[in-house]
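# A closer look at the structure
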Amino acid sequence: MTAPSSLADWLTYLELLHPKTIEMGLERIERVRSKLELTPRFPIIVVGGTNGKGSVCTMLESILVCAGYKTGCYTSPHLLRYNERVRINKNEVDDQSLCDAFAHIDTARKDCHTLLTFFEFGTLAAMHVFVQARVDVAILEVGLGGRMDAVNLFDADCAILASIDLDHMDYLGDTREKIGFEKAAIFRKNKPAICAETDIPLSVYRQAEKAGARLFCLNREFGFFNKQTQWEYWGPKGKRHSLPFPALRGAKQLQNASACLTALDTLHELLPVSMNEIRQGLGEAVIPGRFQVVSTQPMIILDVAHNPAAAAVLSQNLAVTKPSGHTYAVFSMLQDKDIQGVVQTLKDDIDFWLVCTVDSARAAPVDYLINEIHKAGFAGNGGTIYQFADCIAAYVFACERAGKNDRICVFGSFYTVSGVLQYLIAQRGR
């Protein structure tokens, strides 16, 4: 086979390389990492959790860049371009750097006679890029769970759990205790382990004790006060007053921001930051697709909420921004998600469901989604559920129907939001 030459060719190659999208375990990727002698010398912050991981990574990245550190950040999935996953100083890494990293990883894994999944390959490539760029600090977002996730190959100087809830239950278990056990496996001996969850499973405490980690829990070792026009933080280094609200919208963002400040408190000797840098970083942190408001009349919201916990946060945010008119939902989900749980959580916030399918082998069929809406006891009548071939058709219909006092919410998966975002970018370019 001819070696891939473009980023698009590499991504196609990686998708076809392993027969499974997900294969848990660290033995295969450890063999390749050892062959590469990929041992970072800079501090690593690992961020796990069910929801909120991306927000925590983005706020940390923004603050550390404002503090003058050369910062590497690895997140997933992406909305529009793979490059979004690998950033240095908040800038997406260019195609050639990614291609060079992929080629380097591919040579090593062939020497080891080892297959890697798409995510495993990408994780090693991201770290290779960060090592080559000689970053001062790397922020790594866990892909799935923690214990058997590729990111857990690298020891965290500080580990953060943003939240713990039910998702990926086929891999992580069907209870919060089981999921907490998996996620808390990113903790390391004598290193800070920060948990921003308000209801912490016992398994998290046990994992912290087993690892010998220094556990910091929300409302115990750190917390915050919402003062309406500003907020206050308290933690290991004392109180921080008159803080600006994060640029990221949403009811959970003060929890996420508090976890970030606690991480920085515990890493102060390695990565000192000033209050001005914290304030600037919180104000400049932006992440597409997380309660992203792209219009105000009508209000148009993009949110990647794809599990019941994320849907509950979206419901809280929708309640705060409730319009005088109707709410139209452009909605699609993947079949392996808890569709019933998401619909049940949001059914009272929606007047019109515009149901569509997305471009994924895992996409739930429209008829299946509509049936789940009915089973959830949606109280609408006759013409309140519509079906469309794709999310763009549903979005265009919503824009044609919605008045300036109405609201359009696009949600259900990264694929749903990505499709509408691509459409919006194309429209702006005309």
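Okay, so let's go over this structure. Predicted model only: the values in this text are computed from it and were never measured.

### A look at the sheet that holds strand β10 (residues 231-235)
Pairing is antiparallel in the open sheet, where 3 strands are placed in the order β9-β10-β11. Only two strands of the sheet have a single neighbouring strand rather than two, namely β9 (223-226) and β11 (238-243). Adjacent strand axes in the sheet meet at a mean angle of 15 degrees, parallel and antiparallel pairs treated alike. Judged from the 4 bridges that link them, β9 and β10 form a sheet pairing that is antiparallel. Among the inter-strand pairings, F224 is bridged to a residue of β10, identified as Y233. Sheet strands in contact with helix α10 (residues 275-284) are β10 and β11, and its direction is about 50 degrees off that of β11.

### Focus on the sheet that holds strand β4 (residues 91-92)
Taken in spatial order, the 8 strands make up an open sheet running β4-β3-β2-β5-β1-β6-β7-β8, and their pairing is mixed. Two strands in the sheet have a free side with no partner beyond their single neighbour: β4 and β8 (214-217).

### A short note on the environment of D170
Locating D170 in the fold gives a position in helix α6 (residues 169-172). The exposed category is assigned to D170, whose relative accessible area is 74%. Sequence separation between D170 and N226 is 56 residues, and the spatial gap between their C-alpha atoms is 37 Å.

### What to know about the packing of helix α12 (residues 339-346) against helix α13 (residues 366-375)
The interhelical angle for the contact between α12 and α13, taken along N-to-C directions, is 50 degrees, at an axis separation of 9 Å. As judged from the angle between their axes, α12 and α13 are oblique. Regarding α12 and α13, the two cross each other, and that crossing is right-handed. Of the residues in α13, those in contact with I339, Q340 and V343 of α12 are Y368, L369, E372, I373 and K375. Class assignment for the residues of the contact of α12 with α13 results in 5 nonpolar, 1 polar and 2 charged.

### Quick notes on the side chain of R240
The topology assignment puts R240 in strand β11. Discounting residues that sit within four places of it in the chain, R240 has contacts with W231, E232, Y233, D265, M275 and I278.

Conventions we followed
- Residues numbered from 1 in each chain as written.
- Predicted model: local features only at pLDDT ≥ 70, side-chain atom pairs only at ≥ 80, totals over all residues.
- Heavy atoms only, no water.
- Pairing = 2+ DSSP bridges.
- Helix = DSSP H or I, 4+ residues; strand = E, 2+ residues; numbered from the N terminus.
- Axes fitted to C-alpha atoms, helices over the stretch in contact; angles between N-to-C directions.
- Contact = heavy atoms within 4.5 Å.
- Buried < 20%, exposed > 50% of the residue type's maximum accessible area, 1.4 Å probe, protein only.
- Parallel < 35°, antiparallel > 145°, perpendicular 65-115°, else oblique.
- Left-handed = near helix turned anticlockwise from the far one by under 90°.
- Nonpolar A, V, L, I, M, F, W, Y, C, P; charged D, E, K, R; others polar.

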